[in-house]
Structures are given as structure tokens and as C-alpha cells.
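Structural features, examined
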Amino acid sequence: MKKITISRGDGIGPEIMDATLEILKAAGAQLEYDEIEVGEKVYLSGNTSGIASESWEKIRNNKIFLKAPITTPSGGGYKSLNVSTRKTLGLYANVRPCMSLHPFVKTKHPVMDIVIIRENEEDLYAGIEHQQTDEVVQCLKLISRPGCEKIIRYAFEYAKNYGRKKVTCFSKDNIMKQTDGLFHEVFNEIAAQYPDIENDHWIVDIGAAKVADTPEDFDVIVMQNLYGDIISDIAAQITGSVGLAGSCNIGEEHAMFEAIHGSAPTIAGQNIANPSALIQGAILMLSHIGQNEVGDKIQNAWLKTIEEGIHTVDIFDEEISTKKVGTKEFAQAVIANLGQLPAKMAVRNSPTNINLDLPKYTRKPRKNKELIGVDLFVHWDGMDPNDIGGQLHHIESDTIKLDMVTNRGIKVYPNGFKETFCTDHWRCRFKNTEDKVITKQEIIELLSNAEGKSIDVIKTENLYKFDGVRSYSLGQGQ
Ligand code: NAD
């Protein structure tokens, strides 16, 4: 018997969890449940994290968590429990298989069998946001080398173990040369270590369009957190319904299994939700804990049920389906099919002896870091960049001079265009004119000069060269 943590969640969560647990029991899964309460009730009782500390203990002890979707109340400082669980437990890989069930579920894409591997711990989901001026707020996009290495190696190891032929990387490194540039660079490094697996890269916008148009061209796709969040929903939806896709969140010690959809409060309590996505999550869990046979038994009974046309309302189609059923009845139909195989769709058996070779990250020796300038971010109400540029020359020192001013990234001084719209948030770049190293003390003096001239500096960013390479972006138009 394996003890796991479960939570029934909010909205349609309890209904789809009950259906899933019934199927697990009937299939003979060797599981014991430690149930916890998370989500809306816990949030509304005043706990902004949505989970009590005793529940964390259960999750940490049992290590495996099967979770129904929860509702995160908007506003009010409530932190998403999904995001904090993934990050607190180090669940860095979010694996989302999306497969068409043609011709039994209506889809424009009969040939589709994609696995999206989404980075789960960083990117804009670091949730580091600040209001900096009256007009401008900021969200920090943090991308780390360990984060990239872990998820990209996971994607290639997944492909190797699951007999997949190709790993594709999506990024936006034509614009975000540092953050997405690092992701793409690490992808190229790791791809070279897997010569038997094809690899390619798409800029995320056209890549997403191609997923929606020709998903048959893709196999495994690895991407950062936000792109993965959005594109995996698109991929699941175009197989027929978001109600069909399960997902797992894998870390070095812990793993969490869930549906990719949310708590769908508008259809809650009506016995109409499709429990398939959570069932798929549970199948991924059974494979993860070595109960593959039970997982395969459920998978094949589920495929047979879909093939028989026994469908919940989200995938029901007069021309294809034979019977419209509710959540409970769907689960009963799957139970009745346990032990049977699909007649037309391919029988699915999860691979055994999965051996993901995932070395622990080792930090590389520090690079030679040279400080060559600083960006001062300034809150200023004026409209003419030449005015702020003129004032900033008065705070220069003998060694550090004003290089340029940008507004929302575009260079507006010197020689800006009068057409460029400017907000009250100015990035003012100061550098040694000969690109020579400067000291932090010189930056402190620059800040002190700014203070003396009543220039409202709201933040600074140091400009570095790492091993002689410029490691910050230029101004747009520079
Ligand atoms: P959602 O995924 O809950 O639902 C969107 C729509 O998709 C629903 O209105 C419904 O028509 C359909 N749908 C979703 N699941 C279905 C199913 N199993 N069967 C049939 N139809 C289904 O997205 P939302 O409405 O944007 O979010 C609702 C809440 O869920 C929010 O509070 C959000 O924060 C939360 N959420 C939770 C998770 C999670 O717990 N992992 C994930 C996403 C969203």
C-alpha cells in the first residue's frame, strides 16, 4: 500500500475526485489516502496561502499528491496555492501530454500526440512585482541556468525513456536576448548530448500558431513557465476539450498530479464535468509510483469507454457519441470496462523501467565579472526627453557619463524621435565612456549627486561584462 495525499479542491474538484477514486479502487490500486483541505475555504478563513501548516506536513511526508483543481480568489493578496506548491516542493517539471482521440472525440486535428514540458518554478511566476512610478508597474522575469538545465535535460530524458523522436524548444530570444537567450543557449548545449533525438527551435509566437494549426509536426515541446501555461491549454483544448488532459509536476523528491484545467465553478455541482483529466493525472501517478499495470488497466478501459461513444457533455457530439453521461455515470462506464482493451484506438501501455538520468545541478566556477556602468531608473513627470537628459548631465562625474535615456526600452535621448510616447519612468544609463571598469563607490557618488539635484531614482541595475561579454540589453534604437 502506498500512502498518498489527496485534496478534493473546489468547484468541480470534489465530483471529479470522487469519480477518480472510485475508478482507482475498482482497478485495484494499492493506495491509502491522507486527505487535506486546501483552496477556497482555507483562503476565505483568512489564510492567504490557501493551505494550513499541518497539511504541508502531510504533503511532505507522503511525497505524492493527487490534487483536484482549486479556486484562487482574485485580488485580496491571495497567493496561488498551485504555484506555491510547485515551487516550495521543487516540482520543476510540469509534464502535459495532449493526444487526439480521433475519430471518437471531435477535433480538427486527428493526428496529434504532443507532450508539453513546462518549466514550473521561475519566469514571470516568481511573482516579483512592484509599482515604481505613478504610471509604471514592473514584473520581474527571472530565468536561471539551473532552471534551464534541469527542465531541458528532463525533456530530453523524457523523450529518450518514452520513445519520443524529437524535442522542440519555444522561446522569444529574438526579443529577450538575455532571458530567453539563455534558455535557447542551454537547449542547444543539452540537445548536442542527445544525438539520437531530433531537436529544433521555434520563436514562441509562430510556434504556438503552428501547434494550433499543424500539431502533428510536434512531439515533445519544452518551454518556459508562462508560454507552457498558455500553450498547454491550447494544445489540450484542440484535442477536443481541456477536460481530457492530465498533468504531473515532478521534482527530485516530490510529485503532484492533477488535471490541467481549473475548478470550472460555473458547472460545479451539476454532475456534468468530465473527470477524464484527473483520471489521466491519476494514471500518470500510478506509472510514477510503479503501479503501471493498474494505470494501464484504467487507461485502456478509459479509451474503450471513449471509443464506445460514452461521453460527458463537453465532448458529446450527436454524430459521434452514443450516450451523454454525467460525471458519475462516466466513471461507472470506465469501471465496467476495466480489464478490456480499446478495439480501434491503439492500446496504451506505459513504459516500465523508466530511468531518467537527471544529475544534480553543479554550480560552475564564477565568471570574471566587470562592472562597467549603471542604469538609474528615474520617476520624472516631464514630457521632453531633452529636459531630463540635460539635467542628468549635471550629475555626471569625471569617470561616469550619461550614455543614453530610454523610456519603456526605446532610446529617447540623445537624438530621440518627437513621436515616441513617454511615460513617467525613465531608464538613464551611465557608463565609463571607454567601457572601463567602475566601482560601486562611484555609483554611490552618482546616486548622491542625483539626490542632491532632487532626481527621484527609484531603482538601479548594474551593467556587467561576464568573461568580457556584454551582459545587458542595449536600448532599442541604440
Ligand atoms: P477552468 O479550466 O476552470 O474552466 C474553463 C472552462 O472550461 C469551464 O467553464 C468549462 O466550460 C470548461 N471545463 C474545464 N474543465 C472541465 C471539465 N473537467 N469538464 C468539462 N468542462 C470543463 O478555467 P477558469 O474558469 O478560468 O478558472 C476557474 C478557477 O480555476 C479559477 O479560480 C482559477 O484560478 C482556477 N484554476 C485552478 C487550477 C488548478 O487548480 N490547477 C488551474 C487553472 C485554473
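Rules used throughout
Residues numbered from 1 in each chain as written. Predicted model: local features only at pLDDT ≥ 70, side-chain atom pairs only at ≥ 80, totals over all residues. Heavy atoms only, no water. Helix = DSSP H or I, 4+ residues; strand = E, 2+ residues; numbered from the N terminus. Buried < 20%, exposed > 50% of the residue type's maximum accessible area, 1.4 Å probe, protein only. Areas by Shrake-Rupley, 256 points an atom, 1.4 Å probe, with all protein chains shown as cover. Lys, Arg positive; Asp, Glu negative; His and termini not counted. Charge placed at Lys NZ, Arg CZ, Asp CG, Glu CD. Near = heavy atom within 4 Å. Polar contact = N/O pair within 3.5 Å; in protein donor to acceptor, adjacent residues only side chain to side chain. Nonpolar A, V, L, I, M, F, W, Y, C, P; charged D, E, K, R; others polar. Pairing = 2+ DSSP bridges. Disulfide = S-S within 2.5 Å. Contact = heavy atoms within 4.5 Å. Axes fitted to C-alpha atoms, helices over the stretch in contact; angles between N-to-C directions. Domains from an automatic or database assignment.

Further remarks concern the overall build of the chain. Across its full length, the chain holds 13 helices and 20 strands. Principal-axis analysis of the C-alpha atoms places the extent of the chain at approximately 80 × 55 × 45 Å. Burial statistics for the chain: of 478 residues in total, 52% are counted as buried. In the form shown here, the chain has an accessible surface area of approximately 22200 Å², with 50% of it arising from carbon and sulfur atoms. For the chain, the distance from the average position of its 53 positive side-chain charges to the average position of its 66 negative side-chain charges is 3 Å.

Another aspect to go through is the site of the ligand. Near the ligand lie 20 residues; those nearest to it are Ile70, Gly262, Ser263, Ala264 and Asn274. Within the side chain of Lys67, one N or O atom sits 3.4 Å away from an oxygen atom of the ligand. The backbone of Ala264 places a nitrogen or oxygen atom 2.7 Å from an oxygen atom of the ligand. Relative to its unbound accessible area of 820 Å², the ligand is 65% covered by the protein chains. Class assignment for the residues of the shell around the ligand results in eight nonpolar, nine polar and three charged.

The alternating pattern of strand β10 (residues 220-223) places Val220 and Val222 on one face and Ile221 and Met223 on the opposite face, and all of these are buried. As judged from the four bridges shared by strand β5 (residues 113-119) and β10, these two strands associate in the parallel manner. Each bridged residue has a counterpart across the sheet, and for Arg118 the counterpart in β10 is Met223. Relative to β10, strand β8 (residues 166-171) runs parallel, the two sharing three bridges. Looking at β10, one finds that Val167 is bridged to Val220.

With that out of the way, let us pick up the state of the cysteines. According to the stated counting rule, one finds zero disulfides in the structure shown. There is no disulfide at Cys98, and the cysteine sulfur nearest it, in Cys248, is 12 Å away. The thiol sulfur of Cys428 is not disulfide-bonded, and the nearest other cysteine sulfur, from Cys422, lies at 11 Å.

Ordered in space as β17-β16-β18-β15-β19-β20, the six strands form an open sheet in which the pairing is antiparallel. Of all the strands in the sheet, the pair left with one neighbour each is β17 (410-413) and β20 (469-470). Looking at chain direction, strand β15 (residues 369-379) and strand β18 (residues 425-432) are connected through seven bridges and run antiparallel. What sits directly across from Gly373, in β18, is Lys431. Packed onto the sheet, helix α12 (residues 385-393) meets β15, β16 (400-407), β17 and β18 and runs at close to 70° relative to β17.

Before going further, it helps to spend a moment on the domain arrangement of the chain. We note that the domain assignment places domain 1 (1-79 + 240-345) and domain 2 (369-470) within the chain. For domain 1 and domain 2, the distance between their C-alpha centres works out to 53 Å.

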